[in-house]
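Single-letter residue listing:
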Amino acid sequence: MPTYLSRPNVLPSSLRTATLSLLTLGLAAASLPAYSAGMDFSNEYNANSIHAQGDAWFIDRVETLTDGDVDITLHTGAALGFRSGDHFYAVTDNAVQIADTLSGSLGGIDPIFLLSSLPFLADDAESAHRLYEIARPEYAKVFEANDQILLYASPWPASGIWSKEPVTSMETLEGLKIRSYDRNGTATLMNAGASPVKLSWADVVPQLATGGIEAVLTSAEAGANGNFWEHLSDFNAIQYAMPLNMVHMNRDAFEALSEEEQQAVLQAAKETDAHNWEVVKERVAENYVQLEENGVAIHDPVPTDFQQNLEEAAQPVINDWVESTGERATRILEEFHQESDQ
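The rules behind each value
Residues numbered from 1 in each chain as written. Predicted model: local features only at pLDDT ≥ 70, side-chain atom pairs only at ≥ 80, totals over all residues. Heavy atoms only, no water. Helix = DSSP H or I, 4+ residues; strand = E, 2+ residues; numbered from the N terminus. Contact = heavy atoms within 4.5 Å. Buried < 20%, exposed > 50% of the residue type's maximum accessible area, 1.4 Å probe, protein only. Lys, Arg positive; Asp, Glu negative; His and termini not counted. Salt bridge = Lys/Arg side-chain N within 4 Å of Asp/Glu carboxyl O. Polar contact = N/O pair within 3.5 Å; in protein donor to acceptor, adjacent residues only side chain to side chain. Expected span 1.5 Å × (residues − 1). Bend = angle between axes of the 7 residues up to and from the residue. Pairing = 2+ DSSP bridges. Right-handed = clockwise from strand over helix to strand, strands pointing away. Axes fitted to C-alpha atoms, helices over the stretch in contact; angles between N-to-C directions. Parallel < 35°, antiparallel > 145°, perpendicular 65-115°, else oblique. Nonpolar A, V, L, I, M, F, W, Y, C, P; charged D, E, K, R; others polar.

> Can you walk me through the side chain of Asn225 in this structure?
Among the secondary structure elements, Asn225 is positioned in helix 8 (residues 220–225). If we skip the residues at most four places from it in the chain, Asn225 touches Asn46, Asn48, Ser49 and Ile50.

What follows is the structure, given as structure tokens:
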């Protein structure tokens, strides 16, 4: 079990100020139950995203299975002030009861969370789902060791490059100021000659608008949600990875539920997991229609030599991840490749 010597404040500054004021007034917070009659569910992405829609589907299932006795409120667009990078400790401390978190943002907690965004390892829904099933027990162990429960995964469609001009060769990638979403992407893009900047989702559109970045590593889905066609004209389908979001819950909040309610939450999570993997298979075609309607040029596939060069740039990143993650990494990848060869 990892030991954390220090942690950042999990509350945004405005909420920390309000909390300190309440404590100063001497409110008896310690006498309150683990959570109020309703639970808060934090999601950094907007309400139209594949993740928020999956979360809403989960909440509906919980409501149905518990006859409305378990009340969960979904807050999208980082409305509570929490971004993916804040979620792990926020849920551990019960500042928010449930969160939908980009897995790569948890790489500093444990490198296992960088698995789904390893470049060019699992680039379609079937292989990404298989990798998730193999690795899920390892994800769950980290959450369990930190007073949390892994409920379900929320997969992204494959990441590509959004840009102002076609990015279909190593020359067009050279020096490109491009957003990455975790250290895997940052290292891979740097190896390929770009100038990557790691940014949380909430910072992407402001940076595009001010010229801080000129391209984005993300899916067609995310770009459509962010109306990227207002800033960028091309989507280059490099099939980089299908990263996961993890939906995780505070254990005390879970255990405060009745046994029947706990089983309903777990059942709803199991159903949502299956639901999300089916939805992601259909999403790319829907995204491409939307992109074409808004004048985005789609480069799918990209030239073979460009794809091969990108995969070569990615190999050191995979090697470093295996070294930092240890026996777990070797075991997971061996099982994944064995199943892929069958």
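> I'm lost on the side chain of Arg179 in this one. Help?
Here Arg179 shows up in strand 6 (residues 177–180). Look at Arg179: it is buried, it has no salt bridge, and the nearest opposite charge is Glu44 at 6.7 Å. Within polar-contact distance, the side chain of Arg179 engages the backbone oxygen of Leu199 at 3.1 Å.

> What exactly am I supposed to notice about helix 10 (residues 259–293) here?
Every α-helix winds through 3.6 residues per turn, so residues three or four apart in the chain are directed the same way. Over its 35 residues, helix 10 runs 49 Å from end to end, which matches the ideal 51 Å to within 8%, given 1.5 Å per residue. Along helix 10, the sharpest change in direction is near 35° and occurs at Arg283. Looking one or two residues beyond helix 10, the residue adopting positive phi is Gly295, at roughly 80°.

> When you look at the pairing of strand 1 (residues 38–43) in this model, what are you seeing that I'm missing?
Looking along a regular strand, one sees side chains alternate from face to face of the sheet. Of all 6 residues in strand 1, 5 are buried; the element is thus mostly enclosed. Bridging between strand 1 and strand 2 (residues 71–75) involves 5 bridges; their strand directions are parallel. Bridge pairing links Asp40 to Thr73 in strand 2. Traced from strand 1 through helix 2 (residues 50–65) to strand 2, the parallel crossover comes out right-handed. Where strand 1 and strand 3 (residues 98–102) come together, 3 bridges link them in parallel fashion. Bridging across to strand 3, Asn43 finds its partner in Asp100.

> Is there a simple way to think about the packing of helix 11 (residues 304–325) against helix 12 (residues 327–341) in this case?
Angle between the axes and distance between the axes: these two values describe a pair of packed helices. Orientation of helix 11 relative to helix 12, taken along the N-to-C sense of each, is 125°, at an axis distance of 5 Å. In terms of axis orientation, helix 11 runs oblique to helix 12. Between helix 11 and helix 12, the residues in contact are Trp321, Val322 and Thr325 and Glu327, Arg328, Ala329, Thr330 and Leu333, respectively. Of the residues in the contact of helix 11 with helix 12, the class split is 4 nonpolar, 2 polar and 2 charged.

> So what exactly am I meant to see when it comes to the environment of Ala135 here?
Checked against the element boundaries, Ala135 lands in helix 4 (residues 125–144). On the basis of relative accessibility, which here comes to 0%, the residue Ala135 falls in the buried class. Taking the C-alpha atoms as reference, Ala135 lies 8.8 Å from Arg328; in sequence the two are 193 residues apart. Discounting chain neighbours no more than four positions away, the residues touching Ala135 are Leu115 and Ile332.

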